[in-house]
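Structural characterization, general
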Amino acid sequence: MSFSFRYLLLITIISLILGTDKTEAQDSLHLSLQEARRLAFENNTNIRNSTLDMEIARKKIWETTAIGLPHVDSKAAYQFLPNVPTLPPGTMGPGTPAVELGVKNNATFDVTASQLLFNGSYLVGLKAMKTLYLQTNENKEKIVQDINESVINTYYMILVGEESLKNLQKNLDNVKKTAYEITEMNKQGFVEKTDVDQLELTANNLKNAMNQVKGNLDVANRLLKIILGLDVNKNVVLTESLTTGQTLPVIVNSLVNETFNIDKNIDYRIIKTATDLSKLEYQNAIAAYMPVISGFYSHTEKVNKPAFDFTVKDIFGVNVSLPIFSSGQRMAAVSQKKLAISKMDNTKQLVYNNLMMQADQFQTDLKLKYEKYEIQGKSLALSDEIYQRTLEKYRNGVSTSMDLTTTQNQYLTGLSSYYQSIYDLVIAKTKLEKLYNINQEINKKQ
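My aim in this report is to walk through the structure given alongside it, one point at a time. Just so you know, the residues in each chain are numbered from 1, in the order the chain's sequence is written. In keeping with the predicted nature of the model, local features appear solely for residues at pLDDT of at least 70, side-chain atom pairs appear and are counted solely at 80 or more, and the whole-chain, interface and lining totals rest on all residues. Values reported for side chains reflect all heavy atoms of the structure, with hydrogen atoms and water molecules removed beforehand.

1. Describing the packing of aromatic side chains
A pair of Phe, Tyr and Trp rings is counted when the ring centres sit within 6.5 Å of each other, with Trp represented by its six-membered ring. The angle between the planes then sorts it: under 30 degrees is stacked, over 60 is edge-to-face, the rest tilted. Evaluated as defined, the whole model comprises 8 aromatic pairs. On the basis of an interplanar angle of 20° and a centroid distance of 5.1 Å, the ring pair of Phe260 and Tyr436 is categorised as stacked. Residue Phe260 is found in the loop between α6 (248–256) and α7 (266–287), and its partner Tyr436 is found in helix α9 (residues 401–436); the two are separated by 176 residues along the sequence. The same class applies to Phe260 as to Tyr436, namely buried. The secondary structure listing takes helices from DSSP runs of H or I that are at least 4 residues long and strands from runs of E that are at least 2 residues long, numbered from the N terminus. Throughout this description, buried means an accessible area under 20% of the type-specific maximum (1.4 Å probe, protein chains only), exposed means over 50%, and partly exposed covers the range between.

Structure representation (structure tokens):
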């Protein structure tokens, strides 16, 4: 093989490798937390369905409104008379010919215009439709907040898993390096075979822990893609990290000192709207006692007219329907709706009390989670120092393999607890922000 041909082959292989890497990079979706939240807002199935619900509610408002607007209806009819009634000759007077009282073939066209003048239920219904639209909008806001919370929690769950995997790999590399050194010392007779076996056992435990974390990461990544409305085979890369220590104190202090405004809470607003709807249903029950008044105009045309046609072509009129007696049916309906209002008032008070309790509870929980986060950070640093010193002593033959295993397990436990404290802190912060309805806005433009 000539040098030029080998050089050309090498360049071709490198180009294919670089091209593959570039394609893979282009296929990967890199997301910050804010970008993930925006993507969920655009693609999540529940949010998209809630948007459709709002559009349906808008159409329903117009459907109800149109009931009180002018209506025009037309009707056509064809009539065939095999035997047309006929008056004998002379009936209308001496010498008068026979008179047909109809026509054999005829077509009639009617046009009727109507207008609702007064209907108490219609007026209440208009208010109810607007309130229902408000309720639909609030339901969408709640769904957005729920999805927002799920995105944040899942995003940080993945970050915690990835960081844990990195540290486990780093720890495994250190154990493998030490195991290699101890194996060489065992060959020279300086250490016992038990020490080598102990390190191998530690390495196996680390590998098992890594496999468990990888499995959890796979599930978390799939969950995030489902929430974001992405294909589960799409490669997603998270661009943020767990290095939030600089901003956490500021965020936590701001939240724990925030005054709870319950009127901003979406659950309380939903129950208030539901209470308003129950009051409108009560008003609608009362409206059943009121008359229904409508006006109409009708115009009739016939293609063939008989000699004597007494049909009136144009009619103006007013229809009035007045309820008189229903054996107590309407009264029972009014009583039911009135009791339903009392029931909704009780529920509203219960929701109010629960939300106020949650505000205190979530604030306290956030304080405790932050204190735990700080303590776990200090404990992790100490356990890491202890482990590194024990590892150095072990290499120098001062400490035993049991000491090394104990300090390593202590470090791994501290590492797991530290990352768990970060995740718990994020969850506590997100819950409080959701309850207060702050920091819930999703920037649609990046």
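2. Structural notes on the pattern of salt bridges
By convention in these notes, a salt bridge is any Lys or Arg side-chain nitrogen within 4 Å of a carboxyl oxygen on Asp or Glu. Here the structure, examined in full by the defined rule, presents 17 salt bridges. Residue Asp267 is joined to Lys142 by a salt bridge in which the shortest nitrogen-to-oxygen separation is 3.0 Å. A residue pair is termed long-range when its members are at least 10 positions apart, and Asp267 in helix α7 and Lys142 in helix α4 (residues 120–187) qualify at 125 residues. Given the relative accessible area of 30%, Asp267 is considered partly exposed. For the salt bridge of Asp365 with Lys369, the shortest nitrogen-to-oxygen distance reads 2.7 Å. Pair noted here: Asp365 and Lys369 are both in helix α8 (residues 329–395), with a separation of 4 residues, about one helical turn. In this structure, a network of salt bridges that share partners links the residues Glu55, Arg58 and Lys59.

3. Quick look at the environment of Ser164
Within the secondary structure layout, Ser164 lies in helix α4. With relative accessibility at 16%, the residue Ser164 sits in the buried group. Along the chain, Ser164 and Ser416 lie 252 residues apart, while their C-alpha atoms are 7.3 Å from each other. Between N or O atoms, a polar contact is any pair within 3.5 Å; within protein, one atom must be a potential hydrogen donor and the other a potential acceptor, and residues adjacent in sequence are included only when both atoms are from side chains. A polar side-chain atom of Ser164 sits 2.8 Å from the main-chain carbonyl oxygen of Val160.

4. Overview of the packing of α4 against α7
As a packed pair, α4 and α7 sit with axes 9 Å apart at the nearest point and diverge in direction by 165°. Between α4 and α7, the interaxial angle falls into the category roughly antiparallel. In terms of crossing hand, the pair formed by α4 and α7 is left-handed. Side-chain classes follow a simple rule in which Ala, Val, Leu, Ile, Met, Phe, Trp, Tyr, Cys and Pro form the nonpolar group, Asp, Glu, Lys and Arg form the charged group, and the remainder, Gly included, forms the polar group. Its residues assigned to classes, the contact of α4 with α7 shows 10 nonpolar, 9 polar and 7 charged. Note on method: axes are straight lines fitted to C-alpha atoms, helices fitted across the in-contact stretch only, with angles between N-to-C directions ranging 0 to 180 degrees. Convention used here: angles under 35 degrees read as roughly parallel, angles over 145 as roughly antiparallel, angles from 65 to 115 as roughly perpendicular, and any remaining angle as oblique. If you view the pair so one helix is near and one far, a crossing is left-handed when the near helix is turned anticlockwise from the far one by less than a right angle, and right-handed when it is turned clockwise.

5. Some words on helix α3 (residues 45–66)
Given a helix with a known number of residues, its expected span is that number minus one, times 1.5 Å. With 22 residues, α3 should cover 32 Å at 1.5 Å per step; its first-to-last C-alpha distance of 32 Å lies within 8% of that length. For α3, the complete set of buried residues consists of Ile47, Ser50, Met54, Ala57, Ile61 and Thr64. The buried residues of α3 all sit within an arc of 90° when viewed along its axis, so they share a single face. Looking at α3, the residues exposed on the side facing more than 90 degrees away from the buried face are Thr45, Arg48, Leu52, Ile56, Lys59 and Trp62. By the N-cap criterion, in which a side-chain oxygen at the helix start approaches the backbone nitrogen of a residue two or three places on, α3 is capped by Asn44, the distance to Asn46 being 3.0 Å. By definition, the arc is the one covered by directions from the helix axis to the C-beta atoms.

6. Some thoughts on α6
When we look at burial in α6, the residues that qualify are Leu248, Val252, Leu255 and Val256. Projection of α6 onto a plane perpendicular to its axis shows the buried side chains occupying an angular sector of 90°, all on one side.

7. Quick look at the sheet that holds strand β8 (residues 314–321)
DSSP-based pairing: two strands are paired if at least 2 bridges between them are found. Spatially, β2-β5-β7-β8 is the arrangement adopted by the 4 strands of the open sheet, whose pairing is antiparallel. Only two strands of the sheet have a single partner each, and these edge strands are β2 (71–80) and β8. Taken pair by pair, the neighbouring strands of this sheet meet at an average axis angle of 20°, ignoring direction. Sheet topology note: the strand β7 (residues 292–302)/β8 ladder contains 8 bridges and is antiparallel. Bridge assignment links Ser298 to a residue of β8, and that residue is Ile315.

None of the figures reported here should be taken as evidence of function without further support.
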